[in-house]
Each structure stands twice: as structure tokens, then as C-alpha cells.
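Summary of the model geometry
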Amino acid sequence: MNQGLGVRGVTVAYGDAAPAVTDASFDVALGEVVALTGPSGCGKSTLLRAISGLEPLTSGSVRWAGEDLAQVPPHKRGFGLMFQDGQLFAHMTVAKNVAYGLSAKQFSKDERQGRVAELLELVGLPDYGGRAVTELSGGERQRVALARSLAPKPRLLLLDEPLSALDRQLRERLAGELATLLRATGTTAILVTHDPYEADTVADRVLQMWAGRLVS
Ligand code: ADP
């Protein structure tokens, strides 16, 4: 049995409109990085949100290691999420942002500090812990957002257009860095992107969507 993610016959409709995603099925193996790509509006983000549990399924199932997650709320799925705008907390330092998902219940203060330092090192910002996020460039913000989403060691990382707000040159560089970093950490991930270059650079396997359906 696949120990990772199993998406089976997932359909998602908003209200009475035609479904935004129709009958999507695919697997993601442990340690695999899969890109979902296709034109704007084809249903990529909707499918990603359905996997995260943020969007209810009209039909089908989302499973982890064979277990149906229908009754498991988003925050209990052990999945990490990262978006285009990073969604950092502007009033917190870089270190506090990265530590955000490391609950005091699970980790001692030392462990949290150690993990924050490790992650900032990994994303190439080792000395940035004390900075205000308002002092960061767009690329630095996305690195911090990535560090924050990786810190709790999610069993699946869901990335929704994480580089799309950046200019082309930076996007290409960070796509390469993201590919390396996901491999180095052995992270299982799904990357949503409309950019075929980014999909090819980052992912082991690229799935194409068109008008709500997976076409390859
Ligand atoms: P993509 O990520 O590929 O750009 P989306 O999943 O965002 O595509 O959107 C797929 C379709 O669902 C589009 O037609 C979009 O307008 C519609 N849609 C997305 N989010 C909502 C929503 N919250 N309510 C209603 N329709 C939505």
C-alpha cells in the first residue's frame, strides 16, 4: 500500500457552479515531490486546499497511508501549507515566525531555538533571527515562510504558488534552491504552480490540470 498520500475521485464544487475539480485521482509517495500545473483557474489551488482539508469534498477521498482523512480537521493532518504571499506575522521577528508552529507542549525552549537556527541555516538566512519581517526583501520573506512551514517537519508540505510574487530571475534561483532543500530534508510535497519551468525544476513528477481535470 502507498504509505503517502492517496487522492481518489476527488470532486469539489463551489455552490451550484460546475465543479472546480472533477474526479481527481493520484498518489504521492513518501519523499516524492509532485507539481500540479496548468493555466490560471484550472482548479490547482482548489485541489490543494481540498487535500489540506480547508475545502470540503463534494465526493471522493483523501487518504494518508490508507487512512481516510474525511474526519480529520486541517490542523490535525500534519500537513504544512505555504502560500504565494508567505503570510508572515509582521509584528514578530523572523525567529518567532519560524518558531510559530513548534508548540511549547511538544518542544522545549532549547529544542525550539535549535530547530529555528537549523531551519534559518537551511534557507540561507542564518543571521536573520532577530530581524523584523518588515525589513526583509520579497525573496527573504518567502525563505522565512518556507522555514516556518518546514519547522514542524510536516508529513506533507503543500506549496501554493510559493514563488509567483517574485521577479523572474529570483524565481528561477529560488526554484533551484527549493528543489535542493526539499530533497535535503526528505520532504514529501505538492507544488502548485502555473509556471512549467518551476514545475520541472522542483518536482520529480509533473501533473497537468485542465478545466478541473488531471490530464496527465
Ligand atoms: P487555479 O489555482 O488553477 O488558478 P482555482 O482552484 O483557484 O484555480 O480556481 C478554480 C475555479 O474555481 C475558478 O473558476 C475559480 O473562479 C473558482 N473558485 C476558486 N475559489 C472559489 C471560491 N472560494 N468560491 C467560488 N469559486 C471559486
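Please refer to the structure placed before this passage.
Summary of the structure given here.

About the criteria used
Residues numbered from 1 in each chain as written. Predicted model: local features only at pLDDT ≥ 70, side-chain atom pairs only at ≥ 80, totals over all residues. Heavy atoms only, no water. Helix = DSSP H or I, 4+ residues; strand = E, 2+ residues; numbered from the N terminus. Expected span 1.5 Å × (residues − 1). Buried < 20%, exposed > 50% of the residue type's maximum accessible area, 1.4 Å probe, protein only. Pairing = 2+ DSSP bridges. Contact = heavy atoms within 4.5 Å. Axes fitted to C-alpha atoms, helices over the stretch in contact; angles between N-to-C directions.

Helix length check: helix H4 (residues 138-150), at 13 residues, gives a terminal C-alpha distance of 19 Å against a target of 18 Å (1.5 Å per residue), a fit within 8%. Across the 13 residues of H4, 11 count as buried, placing the element largely inside the fold. Along H4, the residues classified as buried are Gly139, Glu140, Gln142, Arg143, Val144, Ala145, Leu146, Ala147, Arg148, Ser149 and Leu150.

With respect to topology, four strands assemble into an open sheet ordered E2-E1-E4-E5, the strand pairing being antiparallel. Every other strand in the sheet has two partners, leaving strand E2 (21-28) and strand E5 (67-68) as the edge strands with one partner each. Note: strand E1 (residues 5-12) against E2, five bridges, orientation antiparallel. Note on E2: the bridge partner recorded for Gly6 is Asp27. Most of the contacts of helix H1 (residues 44-52) go to E1, to which it runs at about 120°, and overall it touches E1, E2 and strand E4 (59-64).

Even without being glycine, Asp23 reaches a positive phi, approximately 55°. Note that Asp23 resides in strand E2. Even without a glycine there, the phi angle at Lys153 is positive, about 50°. Summarising the element assignment, Lys153 is placed in the loop between H4 and strand E7 (156-160). With a relative accessible area of 61%, Lys153 lands in the exposed category.

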